[in-house]
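Chain residues, written in single-letter form:
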Amino acid sequence: MVVVNYVRNEHPPATDLKRWRMKVEDGRQTWHYLTNDTDLKNWPQTAADQYWLGIYNEAPVLPTAKTPIEAARNGFEFYKELQTEDGHWAGKYDGPMFLIPGMVIAYYVTGVSWPEGYPEEIIRYLKNRAHPQDGGWGIHFESESTVFGTALNYLSLRLLGLPAEDPVCIKARKTLHRLGGALASPHWGKFWLSIMNLYQYEGMNPVPPELWLLPDWVPLHPGNWWCHCRAVYLPMGWLYAYRYKMDETDLIRELRKELYVEDYESIQWSKHRNNVCKLDLYNPHTVIMEQAFGLISMYEKYAASPSQYFRKWALDVSLEQIRGEDEATKYNDIGPVNKAMHMIIVWIVDGPNSKSFQKHLDRNLDFMWMGENGLNCNGTNGSQLWDASFAVQAMIEADLADDPKYRPYILKAMDFIDSMQIKTDPPNCNKIYRHISKGAWPFSTRDQSYTLSDCTAEALKSILLMRKYSWYNPKKISDDRLFDAVNILLSMQNSDGGFASYEKIRASNLMEWLNPAEVFANIMVEYNYPECTTAVVLGLASFRKHYPDHRTKEINKCITRAVEWIRKAQAEDGSWYGSWGVCFTYAMMFALESLASVGEFYQNSESVRKACDFLVGRQNADGGWGESYQASEIQHWVYHRESQVVNTAWAVITLTAAKYPIQSYISRGVKLIMQRQRPNGEWLQEAIEGVFNKNCMIAYPNYKFAFSIWALSRYAKVYGDHPIE
């Protein structure tokens, strides 16, 4: 298998990078290309703009760090320059290679022009993210080429105006044909191609909106699914039932020839519903799923039509849910996949001049990110709150709050966290199957509005950690608002003691037998995670110290049950599997922090000993740790070809939390982090850090700063701030 480079920038900028500006407003981060010289003069680039564009050269060389704290401070000297004016740390959140196509298709279908500079830089991004050997694209930018990635990104390039004779298109087309052509696309790929009239709906496994007509108590009702799953299949079902497709044009006819090995007109579509390239087939359908598809296909063929009573009712109910999602999230929606579909639906139903469609267009920019290798689409509208919470905790760990020089940066970050708390429940909360949100913190911004257990807990912990500083006004965030946050956390614990991500678990994991998406696993329902469960344990434990009389019995019981779940979730080899970061080093950092909070360490806990032995047994010769994203795919440790700063930082935090008795293992990890630091305090981007649904990776580029600073500072507190030999 060919390993893809972390940052490929072979294709030069298609625009003048000095004309790009990131506009930051109340958490929103949107990129704008300035063509007017007056605007250019009045709106200077910030250090953050230049850093993310890859043209930041103004960071000074700092005194060489000899101790961990000196290295941590050097790291923050660089990182503080990237803080935005509203207090958060902006950053790309790319990785998945199926996000841009949805947006490109939505713009093409609705006939909307992209903002200035966008098409050229999207093309550049896709060129730079093409596989270095075969020219295709995978499910994420470090994976091998697949039909899903190659067909949709090839289509995107052509819709954006790149000619079929372009060398990038020629190379990608050759790979696509070698893999079997677009006919072997997985379910989501078949859907987008059908929208473009480049595939026929009878060749797609059905997505019946009638599921929304089931009683709520039926597990199959979409309201019981994981929120991301129902958010995607809601608009997909509407468009599938409506059978929307583009008019046939010369370009469509050309693409039918380019995307397929077969003659398009001769394809017997119904025979290819389950034709999926083996490289895309991460999660094959169960026999039950295949049988269900067969029965529903009969219904589609003989009974369903847009005018049929149940179909019309289902379309109306689905549209009501779509509008509810739009309004609750201020047209951000949960992510770019359902947002692109919503945009098309609103254009069809309300028209291009409607307020709803214009609101969609305004919010689209929140997902698009201009970076050093072009313009991509983020996995959400950002990770603003999440990154700000970790930055604050890293600063506190490094005792930077004790230095007046750094207080303005911490105060700005705290103001941002303050402003991002969600202060109301979603409109028609129960009707649109949302968890309560009053008191919660989101992953990105308040407007996006989705409750997350770990984000709420990390924000709460950050606020409470600041209470120890006499110069900080602890009452800026009122007690009642903290009580609301605690209420959110207590409301999210599952019956077995664990915590999921957005909501409580609403249905059995047997629902995975009906997972229609071949490219993802564990998408149908919520699951407990050691990462989320630990965040809640630590957040509530911190709250309990400051408010010992508030809901004491409930909090104590919650923490006890959560820690017990974490113990039970440990694998026989001593590890915990990470579902949101790559991979075992990530989950183990959280799990051992939980156990440490209840007094379990290497010396007195068999669980902790097994975990530490697992971790130190996988330390590399250079002192670091490095995991490949393939560990997430196969749920077994896979070494990266080289140590990674982020994995190493997580391991250092883990071993110090566990009070591992042999310091040399930890100090060697610290040494690697310090060696990787540049003279200006920066750490360079390495391999992709995040994951979701086991098979798709996503980038968290701020991790290399926050967790490196955190690990260095934690080590110095435990072992003293001495030079590392």
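Residues numbered from 1 in each chain as written. Predicted model: local features only at pLDDT ≥ 70, side-chain atom pairs only at ≥ 80, totals over all residues. Heavy atoms only, no water.

Asker: A description of helix α4 (residues 99-110) should follow, citing residues and the corresponding values.
Answerer: When the terminal C-alpha atoms of α4 are compared, their 17 Å separation across 12 residues agrees well with the 16 Å that a helix rising 1.5 Å per residue should span. Across the 12 residues that make up α4, a large majority, 11, are buried. Every buried residue belonging to α4 is among Leu99, Ile100, Pro101, Gly102, Met103, Val104, Ile105, Ala106, Tyr107, Val109 and Thr110, and all of these are buried. Phi turns positive, to about 75 degrees, at Gly111, one or two residues after α4. (Helix = DSSP H or I, 4+ residues; strand = E, 2+ residues; numbered from the N terminus. Expected span 1.5 Å × (residues − 1). Buried < 20%, exposed > 50% of the residue type's maximum accessible area, 1.4 Å probe, protein only.)

Asker: Before we move on, could you go through the nonpolar core and cite the residues and values that matter?
Answerer: The biggest cluster of nonpolar side chains holds 248 residues, and the ones touching the most others in it are Phe98, Trp188, Ile195, Tyr260 and Phe520. In terms of residues, this core owes the most to one element, helix α9 (residues 227-242), which gives 11 residues. (Core = buried A, V, L, I, M, F, W, Y, C linked by side-chain atoms within 4.5 Å.)

Asker: Describe the environment of Ala391, and please don't skip the residues or the numbers.
Answerer: If you trace the backbone, Ala391 turns up in helix α15 (residues 384-397). In this structure Ala391 comes out as buried when scored by relative accessible area, which is 3%. Setting aside its immediate chain neighbours within four residues, Ala391 contacts Tyr79, Trp89 and Ala706. (Contact = heavy atoms within 4.5 Å.)

Asker: Please give an account of unusual backbone geometry that cites residues and values.
Answerer: For the bond running from Val582 to Cys583, omega is -20 degrees, close enough to zero to count as cis. One can find Cys583 in the loop between α20 (552-569) and α21 (584-597). Phi is positive for Asp333, which is not a glycine, with a value near 65 degrees. Structurally, Asp333 can be placed in the loop between α12 (309-328) and α13 (336-350). In this structure Asp333 comes out as buried when scored by relative accessible area, which is 0%. One non-glycine residue, Asn693, lies in positive phi territory at about 55 degrees.

Asker: With reference to specific residues and values, describe the pairing of strand β3 (residues 368-371).
Answerer: Here β3 shows two buried faces, one formed by Met368 and Met370 and the other by Trp369 and Gly371. Note that β3 and strand β4 (residues 374-377) share 4 bridges and pair antiparallel. Note that in β4 the partner of Met370 across the bridge is Leu375. The hairpin turn running from β3 into β4, its antiparallel successor, is 2 residues long. (Pairing = 2+ DSSP bridges.)

Asker: Give a detailed account of the pattern of salt bridges, specifying residues and quantitative values.
Answerer: Overall, the coordinates contain 43 salt bridges when judged by the stated rule. Across the pair Asp403 and Arg73 runs a salt bridge, and its minimum N-O distance is 3.2 Å. A residue pair is termed long-range when its members are at least 10 positions apart, and Asp403 in the loop between α15 and α16 (407-420) and Arg73 in helix α3 (residues 68-79) qualify at 330 residues. Note on Asp403: relative accessible area 21%, which makes it partly exposed. (Salt bridge = Lys/Arg side-chain N within 4 Å of Asp/Glu carboxyl O.)

Asker: I'd like a rundown of the pairing of strand β1 (residues 20-25), residues and numbers included.
Answerer: Pairing geometry for β1 and strand β2 (residues 28-33), over 6 bridges, is antiparallel. What sits directly across from Arg21, in β2, is His32. Counted along the chain from β1 to the antiparallel partner β2, the turn is 2 residues long, and its residue Asp26 has a positive phi close to 55 degrees.

Asker: Tell me about the environment of Tyr93, and please be specific about residues and values.
Answerer: Along the chain, Tyr93 falls in the loop between α3 and α4. With a relative accessible area of 8%, Tyr93 lands in the buried category. The sequence separation of Tyr93 and Met289 amounts to 196 residues, and the corresponding C-alpha distance is 33 Å. Within the local environment of Tyr93, its side chain forms a polar contact with the side chain of Tyr700, the two groups lying 3.0 Å apart. (Polar contact = N/O pair within 3.5 Å; in protein donor to acceptor, adjacent residues only side chain to side chain.)

Asker: I'd like to hear about the packing of α4 against α13, residue by residue, with values.
Answerer: The geometry of α4 relative to α13 is characterised by a closest axis approach of 8 Å and an angle of 10 degrees between their N-to-C directions. Taken together, α4 and α13 sit at an angle that is classed as roughly parallel. For the pair α4 and α13, the contacting residues are Leu99, Gly102, Met103, Ala106, Tyr107, Val109 and Thr110 in the first and Pro336, Val337, Lys339, Ala340, Met343, Ile344 and Trp347 in the second. (Axes fitted to C-alpha atoms, helices over the stretch in contact; angles between N-to-C directions. Parallel < 35°, antiparallel > 145°, perpendicular 65-115°, else oblique.)

Asker: So what about the packing of aromatic side chains? Which residues, and what values?
Answerer: If you walk through the whole model with that rule in mind, you get 66 aromatic pairs. Judged by centre distance (5.9 Å) and plane angle (75 degrees), the ring pair of Tyr201 and Tyr240 falls under edge-to-face. Here the residue Tyr201 occupies a position in the loop between α8 (187-195) and α9, and Tyr240 occupies one in helix α9, the gap between them amounting to 39 residues. Judged by its relative accessible area of 6%, Tyr201 is buried. (Phe/Tyr/Trp six-rings, centres within 6.5 Å; stacked < 30°, edge-to-face > 60°.)

Asker: Which residues make up the state of the cysteines, and what are the values?
Answerer: Tallied over the entire structure, the rule returns 0 disulfides. Looking at the unpaired Cys429, the closest cysteine sulfur is the one in Cys227, lying at 12 Å. Left unpaired, Cys696 is separated from the closest cysteine sulfur, that of Cys377, by 12 Å. (Disulfide = S-S within 2.5 Å.)

Asker: So what's going on with the confidence of the model for the chain? Which residues, and what values?
Answerer: Predicted confidence across the chain gives a mean pLDDT of 96, with 99% of residues reaching 70 or more. Predicted confidence is poor over residues 1-6, with pLDDT under 50, and the contacts of this stretch with residues over four places away or in other chains come to 20 contacts. (pLDDT = per-residue confidence, 0-100.)

Asker: Provide a residue-level description of the packing of helix α6 (residues 147-159) against helix α7 (residues 167-178), including the pertinent values.
Answerer: One can describe the packing of α6 onto α7 by two numbers: an axis separation of 10 Å at closest approach and a directional angle of 150 degrees. The angle between α6 and α7 falls in the class roughly antiparallel. In the packing of α6 onto α7, the handedness of the crossing is left-handed. Between α6 and α7, the residues in contact are Val147, Thr150, Ala151, Tyr154, Leu157 and Arg158 and Val168, Cys169, Ala172, Arg173 and Leu176, respectively. Split into classes, the residues belonging to the contact of α6 with α7 amount to 8 nonpolar, 1 polar and 2 charged. (Left-handed = near helix turned anticlockwise from the far one by under 90°. Nonpolar A, V, L, I, M, F, W, Y, C, P; charged D, E, K, R; others polar.)

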